[in-house]
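Residues per chain are reported as follows:
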Amino acid sequence: MSNTISSTSSLGSYDFIIAGAGGAGLSLLHYLMGSSILCSKSILVIDKSFEKTNDRTWCFWEKEVGAFENLIHHHWDTISIHAEGFNKKLPTAPFSYKMIQGIDFYNAILSKAKLKSNIHFQEAIIQNIKVLDASNTSKGATIEWEGGAATGNYVFSSLLPFQMNQLTTAAAYSKSLQKNDSSAKEALFLWQHFKGRVVQFNQPVFNQSVAKLMDFNVPQHGATAFMYQLPLNENKALVEYTIFSENVLSIAEYDQVLNTYLANEFPGLTYSIAHEEIGAIPMTQLSLSKYQAPIYAIGALGAAIKASTGYAFQFIQLQCKNIVAQLEKGQPIQTHVHTSRHQFYDAVLLYVLYYHKMEGAEIFKRIFAKNKAATVFKFLSNTSNIFEDLQIMRSLPTRIFLPAALSVLLRRA
Ligand SMILES: Cc1cc2nc3c(=O)[nH]c(=O)nc-3n(C[C@H](O)[C@H](O)[C@H](O)COP(=O)(O)OP(=O)(O)OC[C@H]3O[C@@H](n4cnc5c(N)ncnc54)[C@H](O)[C@@H]3O)c2cc1C
C-alpha cells in the first residue's frame, strides 16, 4: 500500500470514499473536514439514504469538553444501579454521562459537508466494494452500485451485513452465521438488543439529575436484562429495555416489559410516547469484515464496538481520529481501538455471560457496589491502568472468573 496520498480529481475518482454515512462514516468525515492537511482532498460519501431520521440516541461518558459538545442533548453527573435488594447512586466525576440525538449529529455534519465543493454525495445502495488490482493495492478500490461506480485511493466502509435498527435483519444474520460460518461457531456472539421509548408525563416524576444506568428488576429472559432510565427533564425520560442474549425478542415482548415496568414505577399515571428506538448491537470478537487495504472497515463493521458492553460511540471517535492522524502522516492505516489487555477482559466477561457462569445482574451489581463510577468507566473505556483493573477484578468471584479466563486462554491457544 502506498503511504503517500495522491490527489485525484477526474470524474468518478476520489482521494477518499466513505461508504455508509452513519455514526462512523460521518465521524470520519467530521475529522477529515477538521484536518488542515486533508480538508481539501476529494471525498465521496455514499449512503442508501441521506434522508436521516432520529433513529438512535448515543450515550457515552467523557471527562473533557468533547468534539460534539454543542450537540449534547442532556448530561448527567450521577448514575444509579438497581438490583434486588440493591440501590446505589454514584457520582460520575470527573466523567459526565452524555447523550446526543442521532438526528442532531447527522444534520450537523452533513450540513457542514454540503457547503464544501470537494465533498460529493451519492445516494445509492452499494452492491460491491473491491480492490482494483489485488497485486497492486496502491491503485485503490472501486465501489459499485446500480448504474454507477467510483474509485477511491482509500475506501472506508461501515456497511454491515445486517441493520442494527431492524431486528429482523439481525435475527436473520444470526441464523446465517450459525449455518454458514465455521469460525462463527467458535466465536461467542451475543446481541445487545433493546427497545426504548421517550415517555412524557404531564407532571414531574423524574429526578433529572440522575441517570438510572441499570435497573435489573425486570424479566431477565434467561439472560442479562435491565431497564435504562434517562430523564431529559422532570416529566420526560428515555426508558429502554435492554437484553444481552443470543436471540432478539419480538416487538410485543419488549413492549410488554416496558408497559409493566412503567405501570409499576408510576402507578396510576398516564404518559404519551414521544419517540421510540429499537436496536440490536453485536457483542462479539468475531471479525465482521474481510476487507483488505486500501479498503478499511470502520464503526461496527470495523470492530469499534466493545464486545462486553455494546458501547461504540467513543471508540468510533478514537478510530476515526486515529485514521485521520495516520493519513496526515502518510502512515499505513490501522483501525484497532481496543488494547489487547482490555480485549482479553472483554472475552472473559463475554464468556461468563454467554455460558451463564454468573448472572449479569450480579456481576454489574458487585462491580458498582465496590468501585467508583469513574473507575468502572475507565475500565470500560480501555483506559484503566493495571491497578484499577485489579480493583475491578477483586469485586468478582475468582472461582468463576479464573476458570473463565483459563478457558478463554485455551480457546486462543
Ligand atoms: C438504536 C441504537 C442505539 C445505540 N446507542 C448507542 C449508545 O447509546 N452508545 C454507544 O456507544 N453506541 C450505541 N449504539 C451502537 C453504535 O454506536 C451505533 O450503532 C453506531 O451508529 C455505529 O456506527 P456505524 O457507522 O458503524 O453504523 P451505522 O451508524 O448504522 O451506519 C451505517 C450506514 O451505512 C448505510 N448503509 C448500510 N448498508 C448500505 C448499502 N448497502 N449501501 C449504502 N449505504 C448503506 C446505512 O444507511 C448507515 O447510514 C447504538 C446503536 C443503535 C442501533
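Residues numbered from 1 in each chain as written. Predicted model: local features only at pLDDT ≥ 70, side-chain atom pairs only at ≥ 80, totals over all residues.

## Side note on the overall build of the protein chain
Here comes step 1: In terms of helices and strands, the protein chain carries eleven helices and 17 strands.
Here comes step 2: Computed over the C-alpha atoms, the radius of gyration of the protein chain is 22 Å, within 12% of the 22 Å expected from 2.2 N^0.38 for a compact globule of 413 residues.
Here comes step 3: Each principal axis of the C-alpha distribution contributes one length, and for the protein chain these read about 65 × 55 × 40 Å.
Here comes step 4: In the protein chain, which comprises 413 residues, the share counted as buried stands at 41%.
Here comes step 5: Long-range pairs, those at least 24 residues apart, make up 72% of the contacts in the protein chain between residues at least 6 apart in sequence. (Helix = DSSP H or I, 4+ residues; strand = E, 2+ residues; numbered from the N terminus. Rg over C-alpha atoms; globule rule 2.2 N^0.38 Å. Buried ≥ 20, exposed ≤ 12 C-beta atoms within 10 Å, placed from the backbone. Contact = placed C-beta atoms within 7 Å.)

## Comments concerning the site of the ligand
Here comes step 1: As a structural note, the neighbourhood of the ligand is formed by 31 residues, with Gly20, Gly22, Gly23, Gly279 and Gly299 the closest of them.
Here comes step 2: Counting only elements with at least two residues in the shell around the ligand, the list comes to α1 (23–33), β2 (43–47), β3 (57–62), β16 (271–284) and α6 (313–329).
Here comes step 3: Broken down by element, the shell around the ligand gets its largest block of residues, four residues, from β3.
Here comes step 4: For the shell around the ligand, the residue count by class is 17 nonpolar, ten polar and four charged.
Here comes step 5: The residue makeup of the shell around the ligand includes at least three contributed by each of domain 1 (13–55 + 100–160 + 288–329) and domain 2 (167–282). (Near = placed C-beta within 6 Å. Nonpolar A, V, L, I, M, F, W, Y, C, P; charged D, E, K, R; others polar. Domains from an automatic or database assignment.)

## Some details on the domain arrangement of the protein chain
Here comes step 1: The domains assigned to the protein chain are domain 1 (13–55 + 100–160 + 288–329), domain 2 (167–282) and domain 3 (340–412).
Here comes step 2: Spacing between the C-alpha centres of domain 1 and domain 3 amounts to 33 Å.
Here comes step 3: Counting from both sides, the interface comprises six residues of domain 1 and, opposite them, five residues of domain 3.
Here comes step 4: For the side of domain 1 that touches domain 3, the per-class residue count stands at two nonpolar, three polar and one charged.

## So, the sheet that holds β3
Here comes step 1: One open sheet accounts for three strands, arranged β3-β7-β4; its pairing is antiparallel. In this open sheet, the two edge strands, each paired with only one partner strand, are β3 and β4 (72–76). Direction aside, neighbouring strands of the sheet carry axes that sit 25 degrees apart on average. (Pairing = 2+ DSSP bridges. Axes fitted to C-alpha atoms, helices over the stretch in contact; angles between N-to-C directions.)

## Some points on the pairing of strand β11 (residues 148–157)
Here comes step 1: The element β11 is largely enclosed, with a buried count of seven among its ten residues.
Here comes step 2: Of the strand pairs in this sheet, strand β1 (residues 13–19) and β11 are connected by six bridges, and their pairing is parallel. When the sheet's bridge partners are listed, isoleucine 17 is paired in β11 with valine 155.
Here comes step 3: Both strand β10 (residues 141–145) and β11 contribute to a ladder of five bridges, which runs antiparallel. If you follow tryptophan 145 over to β11, its bridge partner there is glycine 148.
Here comes step 4: Once β10 ends, the chain turns through two residues before running back antiparallel as β11, passing glycine 147 with a positive phi of about 85 degrees.
Here comes step 5: Two strands pair when backbone bridges link them, and β11 and strand β17 (residues 295–297) are joined in this way by three bridges, in the parallel orientation.

## Quick look at the environment of lysine 372
Here comes step 1: Residue position: lysine 372 is located in the loop between α8 (360–370) and α9 (373–380).
Here comes step 2: A C-alpha to C-alpha distance of 7.8 Å links lysine 372 and threonine 92, two positions 280 residues apart in sequence.

## Some points on α8
Here comes step 1: Here α8 has its buried residues at Gly360, Ala361, Ile363, Lys365 and Phe368.
Here comes step 2: Contact partners of the buried residues in α8: β5 (78–83), β6 (86–91), β14 (224–231), β15 (236–245), α7 (340–354) and α9.

## A closer look at the packing of α9 against helix α10 (residues 386–394)
Here comes step 1: Taken N-terminus to C-terminus, the directions of α9 and α10 make an angle of 110 degrees; their axes are 10 Å apart at the nearest point. On the basis of their axis angle, the class for α9 and α10 is roughly perpendicular. The residues of α10 that touch α9, namely those facing Thr375, Lys378 and Phe379, are Glu388, Asp389, Gln391 and Ile392. (Parallel < 35°, antiparallel > 145°, perpendicular 65-115°, else oblique.)

## Things to note about the nonpolar core
Here comes step 1: Ranked by size, the top nonpolar core spans 112 residues in total, and within it Ile17, Ile18, Leu28 and Ala304 carry the most contacts.
Here comes step 2: Look past the residues within four positions of isoleucine 18 in its chain and what remains in contact with it is Gly25, Leu28, Leu29, Ile43, Val45 and Phe156. (Core = buried A, V, L, I, M, F, W, Y, C linked by C-beta atoms within 7 Å.)

## Quick notes on the packing of α1 against helix α2 (residues 102–113)
In helix packing, the relevant descriptors are the interaxial angle and the interaxial distance, both defined with respect to the helix axes.
Here comes step 1: Taken N-terminus to C-terminus, the directions of α1 and α2 make an angle of 45 degrees; their axes are 10 Å apart at the nearest point. Classed by the angle they form, the pair α1 and α2 counts as oblique. Considering how the two elements wind past one another, α1 and α2 form a crossing that is left-handed. On α2, the residues touching Leu26, Leu29, His30 and Met33 of α1 are Phe105, Tyr106, Ile109, Lys112 and Ala113.
Here comes step 2: Among the residues forming the contact of α1 with α2, the class breakdown is seven nonpolar, one polar and one charged. (Left-handed = near helix turned anticlockwise from the far one by under 90°.)

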